[in-house]
Amino acid sequence: MKFLLRALAAGLLCALSVLLGGCAQPPRLAPTVDGQTQTYWRGRLALRVDKSPEPASFFANFELSGQAPAGELLLSSPLGTTLAQLRWTPQLALLRSNGQTRAFDSLEALATEATGTPIPIAALFEWLQGRPAPADGWQADLSPLDAGRLVARRSQPAPAAELRLIIEP
């Protein structure tokens, strides 16, 4: 009987520690750069490009932080495997994927390499804050933003593309 009680107590203690450990996460601080608070969003994204002969689609979880001039975009699979890490500053744009790090001249070139098509990451920061921002050929629908959704479409230049985000609270 003592053995059974000890085993039950040990099992409950183990389960409790797993539950508490799963809830413990370091806080996301909002540091400032030049007096501006950094921003952070996470959620899921879907990118569809109407290529010929067949459209191409890309799905990933995302974490976007920083600001348009300097930030980071982490793309991961639904299972949590890192697909790509994009980091940029005014001087440098880096893509880390498949165990390799590559440098690019601009954020636009970096985003194109990571996703297969130009996406307006700089405008994305404005859109996610509910502010319209110009982006070549892109139109963002900010109306569902209060529901945690953002849809942006590119009609020109071809091929057409659609970016959908679901933002987690």
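Rules used throughout
Residues numbered from 1 in each chain as written. Predicted model: local features only at pLDDT ≥ 70, side-chain atom pairs only at ≥ 80, totals over all residues. Heavy atoms only, no water. Core = buried A, V, L, I, M, F, W, Y, C linked by side-chain atoms within 4.5 Å. Buried < 20%, exposed > 50% of the residue type's maximum accessible area, 1.4 Å probe, protein only. Contact = heavy atoms within 4.5 Å. Helix = DSSP H or I, 4+ residues; strand = E, 2+ residues; numbered from the N terminus. Arc of directions from axis to C-beta. Pairing = 2+ DSSP bridges. Axes fitted to C-alpha atoms, helices over the stretch in contact; angles between N-to-C directions. pLDDT = per-residue confidence, 0-100. Salt bridge = Lys/Arg side-chain N within 4 Å of Asp/Glu carboxyl O. Polar contact = N/O pair within 3.5 Å; in protein donor to acceptor, adjacent residues only side chain to side chain.

Here we take up the nonpolar core. Formed by 37 residues in total, the largest nonpolar core has its most connected members in L86, W88 and W127. Residues contacting W127, with those up to four places away along its chain left out, are P120, P132, A133, A135, W138, A140, L142, L145, L150 and A152.

Restricting attention to buried positions, one finds in helix α2 (residues 107-115) the residues L107, L110, A111, A114 and T115. Projected onto a plane normal to the axis of α2, the buried residues spread over an arc of 110° and lie on a single side. Those residues of α2 that are buried lie in contact with β3 (39-49), β6 (82-88), β7 (93-97), β8 (100-104) and α3 (121-128). Within two residues after α2, G116 carries a phi angle of roughly 90°, on the positive side.

Strands sit in the order β8-β7-β6-β5-β4-β3-β11-β10-β9 across an open sheet of nine strands; the sheet is antiparallel. Looking at the sheet topology across the chains shown, the edges are occupied by β8 and β9 (138-141). Strand after strand, the sheet turns through a mean of 20° between neighbouring axes, direction not considered. Inspection of the sheet shows strand β5 (residues 71-76) paired to β6 by six bridges, in the antiparallel sense. In the sheet register, L75 faces β6, and the bridge partner there is A84.

A few words now on the environment of S77. Mapping S77 onto the fold places it in the loop between β5 and β6. For S77, a relative accessible area of 14% translates into the label buried. Spatially, the C-alpha atoms of S77 and F62 are 8.9 Å apart, while their sequence positions differ by 15 residues. Ignoring any residue separated from it by four or fewer positions in sequence, one finds S77 in contact with N61 and L83.

Any residue range with low pLDDT should be treated as having predicted coordinates unsuitable for detailed reading. Residues of the protein chain with pLDDT of at least 70 account for 78%, and the chain-wide mean is 80. Within the model, the stretch residues 1-33 combines pLDDT values under 50 with 10 contacts to residues more than four positions away or in other chains.

Scanning the model with the defined rule gives seven salt bridges in all. With its nearest N and O atoms 3.3 Å apart, the salt bridge here joins R42 to E168. Pair noted here: R42 is in strand β3 and E168 is in the segment after β11 (161-167), with a separation of 126 residues, a long-range link. For E168, a relative accessible area of 33% translates into the label partly exposed. Across the salt bridge formed by R102 and E113, the nearest N and O atoms sit 2.5 Å from each other.

What follows covers unusual backbone geometry. Note on backbone geometry: most residues besides glycine have negative phi, and most peptide bonds are trans. Each neighbour pair has its own omega, and for S52 with P53 the value is 10°, a cis peptide bond. Looking at the element boundaries, P53 is found in the loop between β3 and β4 (56-66). The residue after A158, namely P159, is reached through a cis peptide bond having omega 5°. One non-glycine residue, N98, lies in positive phi territory at about 50°.

Before going further, it helps to spend a moment on the side chain of T115. By the secondary structure assignment, T115 is in helix α2. Within the local environment of T115, its side chain forms a polar contact with the backbone oxygen of A111, the two atoms lying 2.8 Å apart. Separated by 2.7 Å, the side chain of T115 and the backbone oxygen of T117 make a polar contact.

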